[in-house]
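Here are the chains, one letter per residue:
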Amino acid sequence: MEAIKIALKDFEVSVRTKKFQSMVGLFIIIAIALVYYSKVLGVSEESYKTPFQMVFLSSFSNAFTYSISLLGLLFGATSISNEIENGTMKILGTKPIYRSQIILGKLLGSSLIIFAGLVIFYILTVAFALIIGFPFSQEDFVRFLITFPFSFLYGLIFSSFGLLISVSIRKSKNVVIMAIFIFIFFNVLLSTIAGVVALAIAGLPPVPELPENALNLTEEELEDLILKDPSYQAWLTELVNTTEKILYIAPNYHYQEIMRLLFGGKPQISEVVSAITYNEMVVEDRSLGESLGLIFQNVIMLMIMFLLPLPVSYIKFIRADLR
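Residues numbered from 1 in each chain as written. Predicted model: local features only at pLDDT ≥ 70, side-chain atom pairs only at ≥ 80, totals over all residues. Heavy atoms only, no water.

Q: How would you summarise helix α4 (residues 62-77) if you had to cite specific residues and measurements?
A: In this model α4 runs 22 Å from its N-terminal to its C-terminal C-alpha over 16 residues, within 8% of the 22 Å that 1.5 Å per residue would give. By the burial criterion, the buried members of α4 are Phe 64, Thr 65, Ser 67, Ile 68, Ser 69, Leu 71, Gly 72, Leu 73, Leu 74, Phe 75, Gly 76 and Ala 77. (Helix = DSSP H or I, 4+ residues; strand = E, 2+ residues; numbered from the N terminus. Expected span 1.5 Å × (residues − 1). Buried < 20%, exposed > 50% of the residue type's maximum accessible area, 1.4 Å probe, protein only.)

Below, the structure written as structure tokens:
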């Protein structure tokens, strides 16, 4: 009960902060932008079948993915360090409350913040879609709602990382710097590192045999010829597969895979590479049950990533000097 009281109190205080209000404002902007621009641009019928497929299987969804991780990190990372720095944690520690209840309450409080932010985003996305006449089907709508618990789990992972930062670093400024570094590492740096390593392993792309009339071909025809060359396709597939193996440690990789598969994306990355090259569909007709079966491994990895930092955070907090 004490943990729940702490969580509710944290939630009550957090929703009044400019930090939470700014995050809500960001979610509102993203929801409007996703729906509006996909409505204006229309569905790319060569690659996708439904509006939500195009939104969440393309770069449109990156802003949403980044926002969830930032929300989890910022509120998780400041949950304990702020109170230690302000001296309020010392007062809380003098009360008949176990430290395990305090840290659990802080984790639950951050979870409520993430849950509230996501609820606002999902409700507003559907509301804006209905207002502007976004042409989504009932199945498309159901698949969109099914992504909610996975978005929540993804946010919890970064909240868990943030909690570890919060019990490890006392000064709030340093906590925020570390949180931003983790955000940049997983969302920017790791993908860059993976690309460089993958290129070093796969080597330079092969030069295909060009026909005798290559000089008479236009730039577009020549590019198309190179892209569809079997040796180039094999090299590209190896490059992408190697990149994926490195990104396997990143929460955002597994979350984006879950989103992709839930919306009917082709299971194998080689199929996606081939479909993009030949301007074919990157999605396939697949039931929701089949899609849920494909994401099992990714969900397990997200759960492990959420749980891993918690024992370390607990031990550090139990041993911490709260003065």
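Q: Please set out the packing of helix α10 (residues 172-202) against helix α12 (residues 230-247) residue by residue, giving values where relevant.
A: It is the contact of α10 with α12, at a shortest axis distance of 8 Å, that shows an interaxial angle of 135 degrees. When the axis of α10 is compared with that of α12, the two are oblique. The handedness of the crossing between α10 and α12 is right-handed. Contact with α10, carried on its side by Leu 190, Ser 191, Ala 194, Gly 195, Val 197, Ala 198, Leu 199, Ile 201 and Ala 202, involves Trp 235, Glu 238, Leu 239, Thr 242, Thr 243, Ile 246 and Leu 247 of α12 and no other residues of that element. In the contact of α10 with α12, the residues fall into 11 nonpolar, four polar and one charged. (Axes fitted to C-alpha atoms, helices over the stretch in contact; angles between N-to-C directions. Parallel < 35°, antiparallel > 145°, perpendicular 65-115°, else oblique. Left-handed = near helix turned anticlockwise from the far one by under 90°. Contact = heavy atoms within 4.5 Å. Nonpolar A, V, L, I, M, F, W, Y, C, P; charged D, E, K, R; others polar.)

Q: Kindly report on the side chain of Thr 78, identifying the contributing residues and their values.
A: Within the fold, Thr 78 resides in the loop between α4 and α5 (81-86). Residue classification places Thr 78 among the buried residues on the basis of a relative accessible area of 13%. One polar contact links Thr 78 to Lys 19, side chain to side chain, over a distance of 2.8 Å. Of note is the side chain of Thr 78, whose polar atom sits 2.8 Å from the backbone oxygen of Leu 74. Contacts of Thr 78, omitting those with residues within four sequence positions, involve Lys 19, Ser 166 and Val 175. (Polar contact = N/O pair within 3.5 Å; in protein donor to acceptor, adjacent residues only side chain to side chain.)

Q: So, the pattern of salt bridges: which residues are in play, and what are the values?
A: If the charged atoms of two oppositely charged side chains come close together, the side chains can form a pair. As enumerated under the stated definition, the model contains four salt bridges in all. In this structure, Lys 106 and Asp 10 form a salt bridge, with 3.1 Å as the shortest nitrogen-oxygen distance. With a gap of 96 residues between them, Lys 106 in helix α7 (residues 99-131) and Asp 10 in helix α1 (residues 2-14) connect regions that are remote in the sequence. Asp 10 carries the same exposure label as Lys 106, and that label is buried. Close ionic contact of Glu 257 with Arg 260 constitutes a salt bridge, the shortest N to O distance being 3.0 Å. Remark: Arg 260 and Glu 257 occur in helix α13 (residues 251-262); sequence separation between them is three residues, near one turn of the helix. Taking the relative accessible area as the measure of exposure, Glu 257 reaches 12% and is therefore buried. Classification of Arg 260 as buried rests on a relative accessible area of 13%. (Salt bridge = Lys/Arg side-chain N within 4 Å of Asp/Glu carboxyl O.)

Q: Quick rundown of α13? Include the residues and the values.
A: Between its first and last C-alpha, α13 extends 17 Å over 12 residues, near the 16 Å set by a 1.5 Å rise per residue. Along α13, 11 of the 12 residues are buried, which leaves the element largely enclosed by surrounding structure. Listed in full, the buried residues belonging to α13 are Pro 251, Asn 252, Tyr 253, His 254, Tyr 255, Glu 257, Ile 258, Met 259, Arg 260, Leu 261 and Leu 262. Backbone geometry just after α13 places Gly 264 at a positive phi near 90 degrees.

Q: For the environment of Ala 77, give the residues involved together with the corresponding values.
A: Inspection of the secondary structure assignment puts Ala 77 in helix α4. According to the relative accessible area criterion, Ala 77 is buried, its value standing at 2%. Put simply, Ala 77 and Ser 160 are 83 residues apart on the chain and 8.5 Å apart in space, counted from C-alpha to C-alpha. In this structure Ala 77 touches Gly 162, Leu 163, Ser 166, Val 175 and Ala 179, once residues within four positions along its chain are discounted.

Q: With reference to specific residues and values, describe a nonpolar patch on the surface.
A: Taken together, Val 176, Met 178, Ile 180, Phe 181, Ile 184, Val 188, Leu 189, Ile 193, Val 197 and Ile 201 make up a surface patch of nonpolar side chains, about 780 Å² in accessible area. Topologically, Leu 189 is positioned in helix α10. (Patch = residues over 30% accessible without salt bridge, like charges linked within 9 Å, V, L, I, M, F, W, Y side chains within 5 Å. Areas by Shrake-Rupley, 256 points an atom, 1.4 Å probe, with all protein chains shown as cover.)

Q: With reference to specific residues and values, describe the side chain of Ser 14.
A: Along the chain, Ser 14 falls in helix α1. Looking at Ser 14, the relative accessible area reads 15%, which means it is buried. When near neighbours in sequence (up to four residues on either side) are disregarded, Ser 14 contacts Phe 20, Phe 75 and Ile 113.

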